[in-house]
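A closer look at the structure
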Amino acid sequence: MEATEKDILRGGQFLVKETSCDDIFTPEDFSEEQQMMKESVIEFNDREIIPNKARFEAKDYALTEECMRKAGEMGFLSVAVPEEYGGMGMGFVSTMLVCDYISSGTGSFSTAFGAHTGIGTMPITLYGTEEQKQKYVPKLASGEWFGAYCLTEPGAGSDANSGKTTAKLSDDGKHYIINGQKMWISNAGFCNLFIVFARIEDDKYITGFIVENNPENGITLGEEEHKLGIRASSTRQVFFNDTKVPVENMLSERGNGFKIAMNALNVGRIKLAAACLDSQRRITTTGVQYATERKQFKTPIAEFGAIKSKLAEMATNAYAGESACYRAAKNIEDRIAIRMAQGNSHQEAELKGVEEYAIECSILKVAVSEDVQSCADEGIQIFGGMGFSEETPMEAAWRDARIARIYEGTNEINRMLSVGMLVKKAMKGHVDLLGPAMAVKDELMGIPSFDMPDYSVLFSEEKEMITKLKKVFLMVAGAAVQKYGPDLEKHQQLMMAASNILIEIYMAESTILRTEKNVKRFGEDKQKEQIAMAKLYLFNAVELVKKNGLEGIVSFADGDEQKAMLMGLKRFTKYANYPNVVELRNTIAEKVKAENKYCF
Ligand SMILES: Cc1cc2nc3c(=O)[nH]c(=O)nc-3n(C[C@H](O)[C@H](O)[C@H](O)COP(=O)(O)OP(=O)(O)OC[C@H]3O[C@@H](n4cnc5c(N)ncnc54)[C@H](O)[C@@H]3O)c2cc1C
């Protein structure tokens, strides 16, 4: 059924509106076409990437390029590209699943893939003129050409608009002359085209340009960087020295570059989250396989509770990441479809569709990049000393995972963005936070109900808990906004705490809704372990919300206000019936052990 504007939540609205499980998309909803795409990506990964892991680790950049060409032949580079520019024109969910399943072999390849298909191509499909799209996109979609994205400079990282690269109009008005130094540029070593951001005169905002990579046009590269991980991802500095760029290669309008850069990053962020999923599945699989083989004290280590706990948590976080990523991806896809039905071009619709869910994109980037890191870390721990060895896959997985917390906006920046954007949306009236925040305040003043609800229906208590966690956010963030107003963003530690609460709410809610939907169609018996994962994720989320809520309350509120909020925090994070956490973890771990792989 086609989604309508009324059916789908606006970005950030998850916090104040209840979502029915029937209204969310889950990986179990993949169409036949999507299943086929998924299988073909897995098969490609198994054939081309995973067996060559040692070569990637030995910094074989040529192999990365060769595999990128092969990915082009398979059509993977063109999934998100509209058909009129040589692409497959598949929806947002399909592009997410390609990023997801292509990611597990090595972070080197998935970075090359992401930099090309995301930030290297999207600025043109989203902002290019018809001529620019006709000229460049088919080549990028087929893998004949590769793209790279030059935003970062030695002095301009998180503060991306502060770059010193300049673009000066030539005397004859036909070219811009670009001068400057870009740093950390993925795919620089083999790309044919750069998206370059530079400043014209004293403009407040930078401008985007499409720059063909021609060494005879004043473009030189630094040496390959020696990196902790993603070793076969080409990362070099790029120097522009009087590089001539035809005026028609300006992207969008003068001064619009910062907006382009940020919107490209929004898309990049959710796709990066997807690109941290299959690594978690594979690490969990490798972990359980080792744990069932490895014996200590005459017992397979998988029998030990300490190891079972790790396997259960690893699987749970991967499952939660899938749940939230595909939920948001479908929201974006539906929003794009609605906008197109309203007469927007594909380009405008996609831009607005993704922008609408920028909060969710930041949430996912942070949550899933941190989950893949802890998954790889526990993977090493399961392998013990062998985990520390280059001979086993965990070592590289751990090093590769680390970058995801840094690029596409660091996790600190994304944490602040998620809360900052939400507050801005509230101020613009796009999401009503004030009404619900006042209602929570009133509730705190009132007498709590001592009625004991009927919790016999599956997830009734968990869903009530999610509602209560939302109240914690509204209570803490609402009071902080009231106290500091727009200056809240200067109180970064509060922003971080609020963001941690927001992230846990979205992830936990998505996990519960996915499972509830699947219980309805497949039956409770078949979803026993998924139910355990949803409950375990929520339990952990509640603990995090408690900690971050407390941190906020004791830091900015005092006196009676602090007392009232502390009581509220206690009330809103209290289970009527605590789950048996050990039992939940054992249920999940036993399933992973029985299947000898991540199997959800
Ligand atoms: C392997 C790799 C590949 C990359 N690929 C590309 C690419 O293809 N194209 C490209 O343009 N860039 C790329 N980057 C750059 C990447 O996006 C930046 O490294 C990132 O944005 C952070 O910038 P920075 O390194 O200058 O760190 P800084 O901005 O100096 O940040 C350092 C620390 O300070 C924190 N910080 C900074 N500002 C604030 C603030 N206002 N409030 C609180 N904390 C703050 C950060 O979160 C971080 O913890 C890549 C980087 C790496 C390592």
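Shown above is the structure to which this text applies.
What comes next is a walk through the structure.

What counts, and where the lines are drawn
- Residues numbered from 1 in each chain as written.
- Predicted model: local features only at pLDDT ≥ 70, side-chain atom pairs only at ≥ 80, totals over all residues.
- Heavy atoms only, no water.
- Disulfide = S-S within 2.5 Å.
- Buried < 20%, exposed > 50% of the residue type's maximum accessible area, 1.4 Å probe, protein only.
- Helix = DSSP H or I, 4+ residues; strand = E, 2+ residues; numbered from the N terminus.
- Expected span 1.5 Å × (residues − 1).
- Arc of directions from axis to C-beta.
- Salt bridge = Lys/Arg side-chain N within 4 Å of Asp/Glu carboxyl O.
- Phe/Tyr/Trp six-rings, centres within 6.5 Å; stacked < 30°, edge-to-face > 60°.
- Contact = heavy atoms within 4.5 Å.
- Near = heavy atom within 4 Å.
- Polar contact = N/O pair within 3.5 Å; in protein donor to acceptor, adjacent residues only side chain to side chain.
- Areas by Shrake-Rupley, 256 points an atom, 1.4 Å probe, with all protein chains shown as cover.
- Nonpolar A, V, L, I, M, F, W, Y, C, P; charged D, E, K, R; others polar.
- Axes fitted to C-alpha atoms, helices over the stretch in contact; angles between N-to-C directions.
- Parallel < 35°, antiparallel > 145°, perpendicular 65-115°, else oblique.
- Left-handed = near helix turned anticlockwise from the far one by under 90°.
- Pairing = 2+ DSSP bridges.
- Patch = residues over 30% accessible without salt bridge, like charges linked within 9 Å, V, L, I, M, F, W, Y side chains within 5 Å.
- Lys, Arg positive; Asp, Glu negative; His and termini not counted.
- Charge placed at Lys NZ, Arg CZ, Asp CG, Glu CD.
- Core = buried A, V, L, I, M, F, W, Y, C linked by side-chain atoms within 4.5 Å.

**Considering the state of the cysteines**
In this structure the tally under the stated criterion is zero disulfides. Free of any disulfide, Cys276 has its nearest cysteine sulfur in Cys325, 8.5 Å distant. Not part of a disulfide, Cys361 finds its nearest cysteine sulfur in Cys325, a span of 9.5 Å. For Cys361, a relative accessible area of 0% corresponds to the buried category.

**Considering helix α15 (residues 434-445)**
The end-to-end C-alpha distance of α15 is 17 Å, a good match for the 16 Å that twelve residues give at a rise of 1.5 Å each. For α15, the full list of buried residues reads Ala437, Val440 and Leu444. Projected down its long axis, α15 carries its buried residues within an arc of 55 degrees, all on one side. Across from the buried face of α15, at angles greater than 90 degrees, the exposed residues are Leu434, Asp442 and Met445.

**Notes on the pattern of salt bridges**
Across all of its chains, the model carries 41 salt bridges by this definition. Two residues, Lys517 and Asp29, come together in a salt bridge whose shortest N-O distance is 2.9 Å. Of the two residues, Lys517 is situated in helix α17 (residues 492-522) and Asp29 in the segment before α1 (32-49); the sequence distance between them amounts to 488 residues. Salt-bridge contacts for Glu48 lead to Arg47; the nearest nitrogen and oxygen are separated by 3.0 Å. When its relative accessible area of 12% is taken as the criterion, Glu48 is described as buried. Three or more residues are tied together by salt bridges with common partners; here these are Glu28, Asp46, Asp100, Asp278, Arg281, Arg282, Glu322 and Arg514.

**Points about the packing of aromatic side chains**
For any two aromatic rings, the description comes down to two numbers: the centre-to-centre distance and the angle of the planes. The final tally for this structure, using the stated rule, is 18 aromatic pairs. Residues Tyr176 and Phe209 carry aromatic rings whose centres are separated by 5.2 Å and whose planes lie at 55 degrees to one another, so their mutual orientation is tilted. With Tyr176 in strand β3 (residues 175-186) and Phe209 in strand β5 (residues 207-212), this pair connects stretches of sequence that are 33 residues apart. In this pair, the class of Tyr176 matches that of Phe209, namely buried. Here Phe297 and Phe304 contribute two aromatic rings whose centre-to-centre distance is 6.4 Å and whose plane-to-plane angle is 80 degrees, an arrangement assigned as edge-to-face. When its relative accessible area of 73% is taken as the criterion, Phe297 is described as exposed. Note on Phe304: relative accessible area 29%, which makes it partly exposed.

**A closer look at helix α3 (residues 61-73)**
With 13 residues, α3 ought to run about 18 Å at 1.5 Å a step, and its terminal C-alpha atoms sit 19 Å apart, in line with that. Every buried residue of α3 is listed here: Tyr61, Leu63, Thr64, Cys67, Met68, Ala71 and Gly72. Those residues of α3 that are buried lie in contact with α1, α2 (53-57), α5 (107-119) and α7 (130-142). Of the residues trailing α3, Gly75 is marked for its positive phi of about 90 degrees.

**A closer look at the site of the ligand**
Thr152, Ser158, Trp184, Thr410 and Glu412 are the nearest of the 18 residues found near the ligand. With respect to the ligand, the backbone of Leu151 contributes an N or O atom lying 2.9 Å from an oxygen atom. The side chain of Glu412 places a nitrogen or oxygen atom 2.7 Å from an oxygen atom of the ligand. Protein contacts shield 67% of the accessible area of the ligand, which totals 960 Å² for the unbound molecule. Among the residues forming the shell around the ligand, the class breakdown is ten nonpolar, six polar and two charged.

**Concerning the packing of α1 against α3**
One way to put it is that α1 packs onto α3 with a least axis distance of 11 Å and a crossing angle of 150 degrees. Taken together, the axis directions place α1 and α3 in an arrangement best described as roughly antiparallel. Where α1 crosses over α3, the handedness of that crossing is right-handed. On α3, the residues that touch Phe44, Glu48 and Ile49 of α1 are Cys67, Lys70 and Ala71. Residue composition of the contact of α1 with α3, by class: four nonpolar, no polar and two charged.

**Some remarks on the pairing of strand β1 (residues 147-150)**
Side chains Gly147 and Tyr149 of β1 all project onto a buried face; the interleaved residues Ala148 and Cys150 project onto the opposite face, where all are buried too. For β1 and strand β4 (residues 193-200), the ladder comprises four bridges, and the chain directions are parallel. Of the residues in β4, the one forming a bridge with Gly147 is Leu193.

**Notes on the pairing of β4**
β4 sits mainly inside the fold: eight of its eight residues count as buried. Burial along β4 is two-sided: Leu193, Ile195, Phe197 and Arg199 and Phe194, Val196, Ala198 and Ile200, pointing in opposite directions, are all buried. Examined bridge by bridge, strand β2 (residues 166-169) and β4 share two bridges and lie parallel to one another. Note that in β4 the partner of Ala167 across the bridge is Ile200. Sheet topology places β4 next to β5; six bridges connect them, and they run antiparallel. Directly across from Phe197, in β5, lies its bridge partner Gly208.

**Re unusual backbone geometry**
With the exception of glycine, the majority of residues adopt a negative phi angle, and the majority of peptide bonds are in the trans configuration. Look at Ile230: it is not a glycine, yet its phi comes out positive at around 30 degrees. With respect to the helices, strands and loops of the structure, Ile230 is situated in the loop between β6 (219-221) and β7 (235-246). One non-glycine residue, Lys298, lies in positive phi territory at about 60 degrees. Mapped onto the secondary structure, Lys298 falls in the loop between β9 (295-296) and β10 (299-300).

**Side note on a negative patch on the surface**
A surface patch of negative charge is lined by Glu83, Glu84, Glu130 and Glu131. Here Glu131 lies in helix α7.

**Quick word on the nonpolar core**
Generally speaking, soluble globular proteins have nonpolar side chains that are buried together. Counting 187 residues, the largest nonpolar core has Phe109, Phe194, Phe209 and Tyr326 as the members making the most contacts within it. With 16 residues, helix α10 (residues 305-341) is the single largest residue contributor to this core. Among residues more than four places away in sequence, those in contact with Tyr326 are Phe25, Pro27, Phe30, Val93, Met96, Leu97, Asp100, Tyr101 and Leu277.

**Some remarks on the packing of helix α18 (residues 528-556) against helix α19 (residues 559-572)**
Where α18 meets α19, the closest approach of the two axes is 10 Å, and the angle between their N-to-C directions is 175 degrees. The angle between α18 and α19 falls in the class roughly antiparallel. Residues Val545, Lys546, Gly549, Leu550, Ile553, Val554 and Phe556 of α18 pack against Gln562, Met565, Leu566 and Leu569 of α19. Its residues placed into classes, the contact of α18 with α19 shows eight nonpolar, two polar and one charged.

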